[in-house]
Amino acid sequence: MVSFPTEGIRPDPGAGGRGLDRGPERAAMVAEQLTARGIQDERVLAAMAAVPRHRFVPAALQEEAYADGPLPIGYGQTISQPYIVALMTEMLALRPTDRVLEIGTGCGYQTAVLAALVREVCTVELVEPLARAARGRLGALGVLNVAFRVGDGREGWMEQAPYDGIVVTAAPEHLPAALGAQLAPGGRLVIPLGGRVVQQLHRFTRGEAGALFDEESIPVRFVPLV
Ligand code: SAH
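Everything quoted here is computed from the prediction, not taken from an experiment.

1. Quick notes on the site of the ligand
- The local shell around the ligand holds 24 residues, among which C107, E125, D152, G153 and V226 are the closest.
- The separation between an oxygen atom of the ligand and a polar side-chain atom of E125 is 2.5 Å.
- V226 has a polar backbone atom sitting 2.7 Å from a nitrogen atom of the ligand.
- For the ligand, whose free accessible area comes to 580 Å², the fraction covered by protein is 99%.
- When residues of the shell around the ligand are traced back to their parent elements, those giving at least two are β2 (77-79), α4 (109-115) and β4 (120-125).
- With 3 residues, β2 is the largest single contributor of residues to the shell around the ligand.
- Split by residue class, the shell around the ligand holds 12 nonpolar, 9 polar and 3 charged.

Rendered as structure tokens:
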């Protein structure tokens, strides 16, 4: 079951004549961008049909909020393409009882998708004003199961470890050791790895005996983990 709180949501100044919620645009996004490309996890599809993506993009880009691509969010950073958010979330194979660590809060959109699927999300962002804005947005949407931290995500968030899932939305060259170390037995870690222009999406799974099992997925383009 996916629940996303809608009570107490403030009127949306950017919605114009489209209706407050823009549900039909999200339904089209889910059908045309996600289901059509092979995303199958029903809980992920439901979460992305529920989370109001337009509330996470800058006012000047409201028209493009449900478009099939990334968008700038300031500070040289981006909100990821919906398909990439869906794919990375699906690869995490999340259960409602899981606790998840996200590195790269950005605007907080993927944070909100994750928060709809699991018990608790811990999210780390390097750029303080982005973290502050994301916290404000999620608070306004009534999302309460998120803990925020400003800092270097390469270190993870040791005090809250271990995690059943870890997702990194900025790209390092190699897997930071601290992140692998904070993964619970059976846990999944999804991360883009590679150079500054193009990277490969990986999923590391921690076996019950402790070893990390590495699977490669599609090529992706993320901003670097700095
Ligand atoms: N999931 C985000 C994507 C944000 S882009 C969204 O849906 O909007 C990647 C983010 O990673 C940026 O906000 C960037 O500031 C952040 N970032 C880059 N290097 C980082 C680091 N070392 N630690 C934490 N966050 C970092």
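From this point, the discussion proceeds with the structure in view.
2. Some points on the sheet that holds β4
- Here we have 7 strands laid out as an open sheet, ordered β5-β4-β3-β6-β7-β8-β9, and mixed in their pairing. If you trace the sheet from one side to the other, it starts and ends with β5 (146-150) and β9 (212-220), each paired once. Strand-to-strand, the axes of this sheet are offset by a mean angle of 15°, without reference to chain direction.
- Direction of pairing for β4 relative to β5: parallel, over a ladder of 5 bridges. Among the inter-strand pairings, T123 is bridged to a residue of β5, identified as F148.
- Sitting on the sheet, helix α3 (residues 82-91) is in contact with β6 (163-168), β7 (183-194), β8 (199-206) and β9, with an inclination near 165° to β9.

3. Quick notes on the packing of aromatic side chains
- What the rule picks out here adds up to 1 aromatic pair.
- One residue, R37, lies across the ring of Y83, its end atom 5.3 Å from the ring centre.
- The ring of Y109 has R53 sitting right over it, with the charged end atom 5.0 Å from the ring centre.

4. So, the packing of helix α1 (residues 23-34) against helix α2 (residues 42-50)
- Between α1 and α2, the least distance of the axes is 8 Å, while the angle of their chain directions is 140°. Classified by the angle between their axes, α1 and α2 sit oblique to one another. Crossing angle aside, the handedness with which α1 passes α2 is right-handed. Contacts from R26, M29, V30 and L34 of α1 reach α2 at L45, M48, A49 and A50.
- Taken together, the residues of the contact of α1 with α2 sort by class into 7 nonpolar, no polar and 1 charged.

Rules and cut-offs
- Residues numbered from 1 in each chain as written.
- Predicted model: local features only at pLDDT ≥ 70, side-chain atom pairs only at ≥ 80, totals over all residues.
- Heavy atoms only, no water.
- Near = heavy atom within 4 Å.
- Polar contact = N/O pair within 3.5 Å; in protein donor to acceptor, adjacent residues only side chain to side chain.
- Areas by Shrake-Rupley, 256 points an atom, 1.4 Å probe, with all protein chains shown as cover.
- Helix = DSSP H or I, 4+ residues; strand = E, 2+ residues; numbered from the N terminus.
- Nonpolar A, V, L, I, M, F, W, Y, C, P; charged D, E, K, R; others polar.
- Pairing = 2+ DSSP bridges.
- Axes fitted to C-alpha atoms, helices over the stretch in contact; angles between N-to-C directions.
- Contact = heavy atoms within 4.5 Å.
- Phe/Tyr/Trp six-rings, centres within 6.5 Å; stacked < 30°, edge-to-face > 60°.
- Lys NZ or Arg CZ within 6 Å of the ring centre and 35° of its normal.
- Parallel < 35°, antiparallel > 145°, perpendicular 65-115°, else oblique.
- Left-handed = near helix turned anticlockwise from the far one by under 90°.

Without other data, these values stay purely geometric and don't point to any function.
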